[in-house]
Amino acid sequence: MAILLPQGIWTALICAPLMGSLFGGLAAFVLMARRGEDWATGTGFDQSSSDQTDAMVKSLRDIATKGRVSGEMMQQATTAGGKDSKAA
């Protein structure tokens, strides 16, 4: 937008999204070219990143299980409290 501002504010505003997309695509191409042949073969992803992903998934599943158990306990406590108040 700063480049096109001397041409007029409306020109700069209209062309800003188009230029942003163009430069985003250019940046993606530059990153792909800098990676070399690894982008085509997939050898850039080694086993350590896979192990890290597995560890993260395991920890997220553990957290979800703890939350589920905690939620069930809360529900049981609420249900038991409701039964006691009805009996009284």
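Residues numbered from 1 in each chain as written. Predicted model: local features only at pLDDT ≥ 70, side-chain atom pairs only at ≥ 80, totals over all residues. Heavy atoms only, no water.

## Quick look at the overall build of the protein chain
Scanning the protein chain from N- to C-terminus turns up 3 helices and 0 strands. Along the protein chain, helices and strands appear, N-terminal first, in the series α-α-α. Expressed as a percentage of its 88 residues, the buried residues of the protein chain come to 1%. Carbon and sulfur atoms form 65% of the exposed surface of the protein chain, whose accessible area is close to 7,600 Å². (Helix = DSSP H or I, 4+ residues; strand = E, 2+ residues; numbered from the N terminus. Buried < 20%, exposed > 50% of the residue type's maximum accessible area, 1.4 Å probe, protein only. Areas by Shrake-Rupley, 256 points an atom, 1.4 Å probe, with all protein chains shown as cover.)

## Considering a nonpolar patch on the surface
Side chains of M1, L5, I9, W10, L13 and I14 sit close together on the surface and give an oily, nonpolar patch of about 670 Å² of accessible area. Examined against the element boundaries, L5 turns out to sit in the segment before α1 (9-35). (Patch = residues over 30% accessible without salt bridge, like charges linked within 9 Å, V, L, I, M, F, W, Y side chains within 5 Å. Salt bridge = Lys/Arg side-chain N within 4 Å of Asp/Glu carboxyl O.)

## Details of the confidence of the model for the protein chain
Looking at the protein chain as a whole, the pLDDT averages 79, with 78% of positions reaching at least 70. Looking over the protein chain, one finds the lowest element-wise mean pLDDT in helix α2 (residues 38-41), namely 62, and the highest in α1, namely 89. (pLDDT = per-residue confidence, 0-100.)

## Some details on α1
Taking 1.5 Å as the rise per residue, α1 with 27 residues should run 39 Å; its terminal C-alpha atoms sit 38 Å apart, in good agreement. Along α1, the sharpest change in direction is near 40 degrees and occurs at A16; proline P17 comes one to four residues later. Among the residues trailing α1, G36 stands out with phi positive, at a value near 80 degrees. (Expected span 1.5 Å × (residues − 1). Bend = angle between axes of the 7 residues up to and from the residue.)

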